[in-house]
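# Close look at the chain arrangement
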Amino acid sequence: MATYKDIQSYVKNKNGYAVKSCWIAHMKEFHGLNPRISARRISLNQRVHPCPENKQADILAAFKHFGMV
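How each quantity is defined
Residues numbered from 1 in each chain as written. Predicted model: local features only at pLDDT ≥ 70, side-chain atom pairs only at ≥ 80, totals over all residues. Heavy atoms only, no water. Helix = DSSP H or I, 4+ residues; strand = E, 2+ residues; numbered from the N terminus. Rg over C-alpha atoms; globule rule 2.2 N^0.38 Å. Buried < 20%, exposed > 50% of the residue type's maximum accessible area, 1.4 Å probe, protein only. Areas by Shrake-Rupley, 256 points an atom, 1.4 Å probe, with all protein chains shown as cover. Lys, Arg positive; Asp, Glu negative; His and termini not counted. Charge placed at Lys NZ, Arg CZ, Asp CG, Glu CD. Expected span 1.5 Å × (residues − 1). Arc of directions from axis to C-beta. Contact = heavy atoms within 4.5 Å. Core = buried A, V, L, I, M, F, W, Y, C linked by side-chain atoms within 4.5 Å.

### Topic: the overall build of the protein
A count of helical and extended segments in the protein gives 3 helices and 0 strands. Written out in order from the N terminus, the α and β elements of the protein read α-α-α. Scaling as 2.2 N^0.38, a compact globule of 69 residues should have a C-alpha radius of gyration of about 11 Å, and the protein matches this with 11 Å. With respect to the principal axes defined by its C-alpha atoms, the protein has extents near 30 × 20 × 20 Å. Within the protein, buried positions represent 33% of all 69 residues. Split by element, the accessible area of the protein, about 4,800 Å² in all, is 50% carbon and sulfur. Counting 11 positive and 4 negative side-chain charges, the protein places the centres of these two groups 6 Å from one another.

As structure tokens, this is what we get:
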């Protein structure tokens, strides 16, 4: 399984912008993968920074590239 840094690097090289690790965790949770829980996360039931809809396809493409989904 790819690391968060691998996914961030892939999206940066492919699409030209940096993704937040909380966006990756949100997408992992959305697709049934078990994301790590950040020690700084305030609430387990609510996301402060959910992944924007216009970025979700790019992160999903990275998941597919690394064989995660």
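### Topic: helix α1 (residues 4–15)
For α1, which comprises 12 residues, the first-to-last C-alpha distance of 16 Å matches the rise-based estimate of 16 Å (1.5 Å per residue) to within 8%. Considered for burial, the residues of α1 that qualify are Y4, I7, Q8, Y10 and V11. Projected onto a plane normal to the axis of α1, the buried residues spread over an arc of 160° and lie on a single side. Away from its buried face by more than 90 degrees, α1 exposes K5 and N13. Turning to α1, the residues buried within the fold contact α2 (21–30) and α3 (53–65). Once α1 finishes, G16 follows within two positions and takes phi at roughly 85°, a positive value.

### Some words on the nonpolar core
Ranked by internal contacts, the top residues of the largest apolar core, which has 17 residues, are I7, V11, V19, I59 and F63. Only α1, α2 and α3 provide two or more residues apiece to this core. Apart from the residues lying within four places of it in its own chain, the contact partners of F63 are I7, I24, M27, K28, H31, L33, M68 and V69.

### Points about α2
Side chains three or four residues apart in an α-helix point the same way, a direct result of the helix having 3.6 residues per turn. Among the residues making up α2, those that are buried are W23, I24, A25, H26, M27 and K28. Here the buried face of α2 lies against α1 and α3. Residue G32 follows α2 closely and has a positive phi angle near 80°.

In short, geometric facts, not functional conclusions.
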